[in-house]
Amino acid sequence: MATTNAQRDPKEYAVIVNGRERVIATKEVSFAEVLGLAFDPVPHGPNWVFTLTFRKGEGNRPEGSLTAGSYVKVKEGMVFNVTATDKS
């Protein structure tokens, strides 16, 4: 069940991942965590390549991309776009 703004904890952030609202309960989110929000289950194997971009981010990094192992600070209303490509 989706939570509304009034129901969320003040330290949770409503973000958009691939066009769907998701809630993140931490101030920073990792590449792997965003993949988990975008795909259920996350595709895996040696031929999968992921592209993750974001916009409406915080402070001096309002837009950009994430790579495996990287993190970004979360801001209310932030938008993430994640694509998966099977390069086989």
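Here the structure is a predicted model, which is why all the values come from computation and not from measurement.

Notes on helix H1 (residues 31-38)
Now for step 1: Looking only at H1, the buried set comprises Phe31, Val34, Leu35 and Ala38. For H1, the angular spread of the buried residues around the axis is 105 degrees, confining them to a single face.
Now for step 2: As for H1, its buried residues are in contact with strand E1 (13-17), strand E2 (20-24), strand E3 (28-30), strand E4 (48-55), strand E5 (64-66) and strand E7 (79-86).

Points about the environment of leucine 52
Now for step 1: Its place among the elements puts leucine 52 in strand E4.
Now for step 2: With 30 residues separating them along the chain, leucine 52 and valine 82 place their C-alpha atoms 4.5 Å apart.
Now for step 3: Not counting chain neighbours up to four residues away, the residues in contact with leucine 52 comprise Phe31, Val34, Gly64, Ser65, Leu66, Phe80, Asn81 and Val82.

A short note on the nonpolar core
Now for step 1: Judged by nonpolar contacts, the single largest core of 19 residues is most densely connected at Val15, Phe80 and Val82.
Now for step 2: Residue assignment for this core shows that the elements contributing at least two residues are E1, H1, E4 and E7.
Now for step 3: Tallying contributions element by element places H1 first for this core, with 4 residues.
Now for step 4: In this structure, phenylalanine 80 is in contact with Val15, Ile16, Val17, Asn18, Ile24, Val29, Val34, Leu52, Thr53, Phe54 and Val72, ignoring residues within four places of it in sequence.

Rules of the game
Residues numbered from 1 in each chain as written. Predicted model: local features only at pLDDT ≥ 70, side-chain atom pairs only at ≥ 80, totals over all residues. Heavy atoms only, no water. Buried < 20%, exposed > 50% of the residue type's maximum accessible area, 1.4 Å probe, protein only. Helix = DSSP H or I, 4+ residues; strand = E, 2+ residues; numbered from the N terminus. Arc of directions from axis to C-beta. Contact = heavy atoms within 4.5 Å. Core = buried A, V, L, I, M, F, W, Y, C linked by side-chain atoms within 4.5 Å.

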